[in-house]
Structure formats: structure tokens, C-alpha cells
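# Inside the fold
What follows is each chain in one-letter form.
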Amino acid sequence: MKTVEEIKAAIEAAVPGAGVEILPNASPSAQHSLLVNPAHAIAIAKFLRDDAELALDFLSNVTGVDWLDKEIVEKVKVPRQVSKTVDGVEQIVEETVEETRKHVEPGYLEAVYHLFSMKKKHGPVVIRMRTANRTDKVELPSLTPVWRSGEFQEREVFDLYGIVFTGHPDLRRLLMWPEFKDHPMRKDYVEPDDFEYEPTAHDKVLERAKAHKDREQGTGNREQAGGTR
Amino acid sequence: MENELKIELGKQGVFVTTIEELYNWGRKSSVWPMQFGLACCAIEMIATTMARYDMARFGAEVFRPSPRQADLMIISGTVTKKMAPQVVRLYNQMAEPKYVIAMGACAISGGPFKQGYNVLKGIDRYIPVDVHIPGCPPRPEALLQAFMTLQKKIEAQSLTGEDRPRHLNAEASGEFPVPEQGEHDLEPPVNRLVWPLPAQVK
């Protein structure tokens, strides 16, 4: 099979302006993945499926990843003008000062697709797509029209992560009930408070049981009790 | 009547009994379970009905496919929050007298999935359970033991008096509220009339 670099080159040759990025996997498996621009995703998917040499005709797995907002602290060297007394004379001297800067990198939701070829007996090729953020711009193009096996798996990702797949033929919740509002696999999901009884509570379970007890008695601080529900 | 006298009369060919005994004997000897399974415990339940363990010995071989014809509900497996309303509704549809065996760790408490967001932490939060069986899954012998325990329970029920069973009490209702599937959890998360306040957390 082609290497990831070769696949990237092939995609960029076939789909103009595709903008594929390689996400290296440092682990021994070295299963590098391709980050795909959602705007070109359908064209890229069709190319990967129909290309004679790749022939990735089987979508084996779709999954989601939730990446929270990341606070990045970095040390930057900044030139600054400082007034100093040099040899008894006050002068303005240019100096480089080290400064710590913080900025928040917005989080996003990610859909990961594992592709195999039944015809050529090779794979997997891993492609990923990222949403713009985690709150309101969570749309990604559905690849179900290209690989039919993605239908239920994309529904599951929609259910548990809240990625809205545009172009999906039947996007409903798969595992949770339709009235359910949360997305349980997101990292900031607050579990329902139904932990009142635990005969052998310990560690985190004990904390939750205690928090529940505080809430039940109306004495506990809601913030402290770990959640709003 | 004294037991010895009863045996003596039996030797003479005279059979003496009470209405209560006869009534309970009839009920305990033909408990018809409902045919439904929820998870892996159901496989053990099926094994119990097959030739090796043979639940027919206890008069319970007829698994009815309709709740209207059944009087024992074996909750065999994990009850998810998505499934819980349907389980309660099936229980409501059963005719009195009706009994419940909660089979396995999941059905009695949520079991290994107790920390999860999607599993009900014991079906006894919504409907009264007569016999709990621990185990993951319980062996067929355990289900037979539970069944015999239920038979003993039926046998001991008195037809009159304050402690008579629910189906002989015109005021007692055999229907239990079906929980709604809310935005975050089942509403209400527990029926306090069935599941009283649990032990205090220390």
C-alpha cells in the first residue's frame, strides 16, 4: 500500500485545493492519519473509494474525539526599552525580556474514519475531520453517501459527541432516547445525580454519594457538589 | 389442623386441607414466566428451562409471550434507562397476582455498569421485586433457588387479614408510574414509594 505521504500527494493531485495535513502518530504502530478539510471531504472520500490503486471500498469504523479548549503557556522573548543608569548617565537601552504569555486554543470535535480495501486487502487509512468549535459550529459533511456503512456509526457519533453530519440520510439519536439533550462522551458532560445508594462506597464513588447526600438535604454548595444537576 | 392428624387421616384415605393451602398450592405450582430477556442473564434463564436444569419440574415451563398471560417477570439482565419505561409498562400490563425476580448484578443494582450514565441502578427503583439473585450471570441453579424461594413466598401468603397479598386487596393498586425519558435522566429517577430512602452515607 502507498504510504501516507504518497496518499496525501495523490489526493492533492486529484482534488485541487484539498489541503490535506498529515497527523503523525508517534507510537510504535506509526498509524499516521490524514486531516481532511471538511469542505473537500466528499470529493476526497470519493477519490479514495474509486481510485484504482487505493480502492478503499470499506469504511470499518467511525468514531469521535472531543478536544477541550487548551490553555497554552509559552515564554516569549520580547525586546523592550528600559531606562537604565549606565556610567552615571540615564539612558534608554533596548533589552530582550522574557515574558510568559497565555492564550487559549479553542477546542473542537473530531470525527475519525478508518478505511480498508476489500479488493486490494490493505488498510487501514485513517482520515479525520475537525469542526470549527465545540459549541455552535459542529457541522461536518456526512460520508454516508460515499460509504453506506457509516450510517449508524455517524448516528452514534452524533448521539454521543454532538457532531452534526450534514447530508446524512437519517440523523437521529441511536443509543440514547430522542428527548435526551446531552452528549455523554463529551469531556464536560455532567452525569445525572442518581448515586444515592452505594453500599461499599469508596474514592470517587464516595465523593459522589456524599455530594448527593448534601444536595438531598439542601445543605451542600451546588458548585462544590460537582455540577448543576 | 394438626399436621400429625392430617397425616393419619391421609393414611386412612381422607384428604384434609384448607382453601388457603389449596389456592396457594395451585398458584405456586403453575407460575408462568414472561418470555423476555434483556441481556446475557437471559441465556442462563433459557438454559434453566432446557432439559438439563428443567424448570418444568416446578411447573414453570410455559414462558408466555404476552404479559397478559404471565404472572412472573424475570428481569434477566441490564436494564438501560432507554429500556426501563418499557419494562415498567410490561409489568403494569401483567394481570394480578404478579411477581418479579431480579436476576443478576445488573438487574438488582446496575452491576458493573453502575457508574455509567445510561444504566438503571436496579429495577427495584420502579417496581417491587420479590426475589433478588446476585451473580454475573447467576448459574441456572441460582435461578431455580430463586424460583423455589418465590414458591415458598407464595405458599406463605394468607388470603385474609392485613398482610394479605396485593391482588386480594381491593384498595391496593398493581400499577406503578412509568418513568418519563427526560432531557438528562429518567423522570423521576426513582419511585420513592417502591424504593425507600437508602442507608446513610458515612
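Since the structure is predicted, the reported quantities are computational estimates derived from the model, not experimental observations.

Procedures and definitions
Residues numbered from 1 in each chain as written. Chains lettered and ligands numbered in written order. Predicted model: local features only at pLDDT ≥ 70, side-chain atom pairs only at ≥ 80, totals over all residues. Helix = DSSP H or I, 4+ residues; strand = E, 2+ residues; numbered from the N terminus. Rg over C-alpha atoms; globule rule 2.2 N^0.38 Å. Contact = placed C-beta atoms within 7 Å. Axes fitted to C-alpha atoms, helices over the stretch in contact; angles between N-to-C directions. Parallel < 35°, antiparallel > 145°, perpendicular 65-115°, else oblique. Nonpolar A, V, L, I, M, F, W, Y, C, P; charged D, E, K, R; others polar. Pairing = 2+ DSSP bridges. Core = buried A, V, L, I, M, F, W, Y, C linked by C-beta atoms within 7 Å. Buried ≥ 20, exposed ≤ 12 C-beta atoms within 10 Å, placed from the backbone.

### Some details on the overall build of chain A
Counting secondary structure elements, chain A contains 4 helices and 9 strands. If you list the helices and strands of chain A from N to C, you get α-β-β-α-β-β-β-β-β-β-α-β-α. For 229 residues, the compact-globule estimate of 2.2 N^0.38 gives 17 Å, and chain A exceeds it by more than 25% at 25 Å. Overall, the C-alpha framework of chain A stretches about 80 × 60 × 35 Å when taken along its three principal axes. Long-range contacts, defined here as pairs at least 24 residues apart, represent 55% of the contacts in chain A between residues at least 6 apart.

### So, the packing of helix H3 (residues 41-49) of chain B against helix H6 (residues 140-155) of chain B
When two helices pack together, their arrangement is captured by the angle between the axes and the distance separating the axes. All names here are of chain B. Running from N to C, H3 and H6 cross one another at 75 degrees; their axes reach a closest spacing of 9 Å. With respect to each other, H3 and H6 are oriented roughly perpendicular. Across the interface between the two elements, Glu-44, Met-45, Ala-47 and Thr-48 of H3 pack against Pro-140, Leu-143 and Leu-144 of H6. Counted by class, the contact of H3 with H6 contains 5 nonpolar, 1 polar and 1 charged residues.

### A word on the sheet that holds strand E2 (residues 33-35) of chain A
Residue and element names in this part refer to chain A. Spatial ordering of the open sheet is given by E1-E2-E7-E6-E3, a layout of 5 strands whose pairing is mixed. Two strands bound the open sheet, and with one partner strand each, they are strand E1 (21-23) and strand E3 (58-67). Each adjacent strand pair in this sheet contributes to an overall mean axis angle of 25 degrees, direction not counted. Pairing of strand E6 (residues 108-117) with strand E7 (residues 122-130), which is carried by 7 bridges, proceeds in the antiparallel orientation. Along E7, the bridge assignment pairs Tyr-113 with Ile-127. On the sheet, helix H3 (residues 150-161) packs against E3 and E6 and is oriented at approximately 10 degrees with respect to E3.

### Side note on the interface of chain A and chain B
Of the residues lining the interface, 17 residues belong to chain A; the matching set on chain B comes to 12 residues. When grouped by side-chain class, the residues that make up the side of chain A that touches chain B number 8 nonpolar, no polar and 9 charged.

### Thoughts on the sheet that holds strand E1 (residues 72-76) of chain B
Residue and element names in this part refer to chain B. In spatial order, the strands read E1-E2-E3; together these 3 strands make up an open sheet with parallel pairing. A strand with exactly one partner marks an edge of an open sheet, and here the two such strands are E1 and strand E3 (131-133). Neighbouring strand axes in the sheet, compared pairwise and without regard to direction, differ in orientation by 15 degrees on average. Here H6 sits on the sheet and contacts strand E2 (99-103) and E3; the angle it forms with E3, its principal contact strand, is near 165 degrees.

### Side note on the nonpolar core
In this structure, Ile-75, Ile-101, Ala-102, Met-103 and Ile-123 of chain B are the most contacted members of the largest nonpolar core, which totals 43 residues. If you list the elements that add at least two residues to this core, you get H3, E1, helix H4 (84-93), E2, helix H5 (104-109), E3 and H6 of chain B. When near neighbours in sequence (up to four residues on either side) are disregarded, Met-103 of chain B contacts Cys-41, Met-45, Ile-74, Ile-75, Ser-76, Ile-133, Pro-138 and Leu-143 of chain B. In terms of nonpolar packing, the next biggest core, distinct from the first, is built from 32 residues, Leu-34, Ala-45, Val-146 and Phe-158 of chain A among them.

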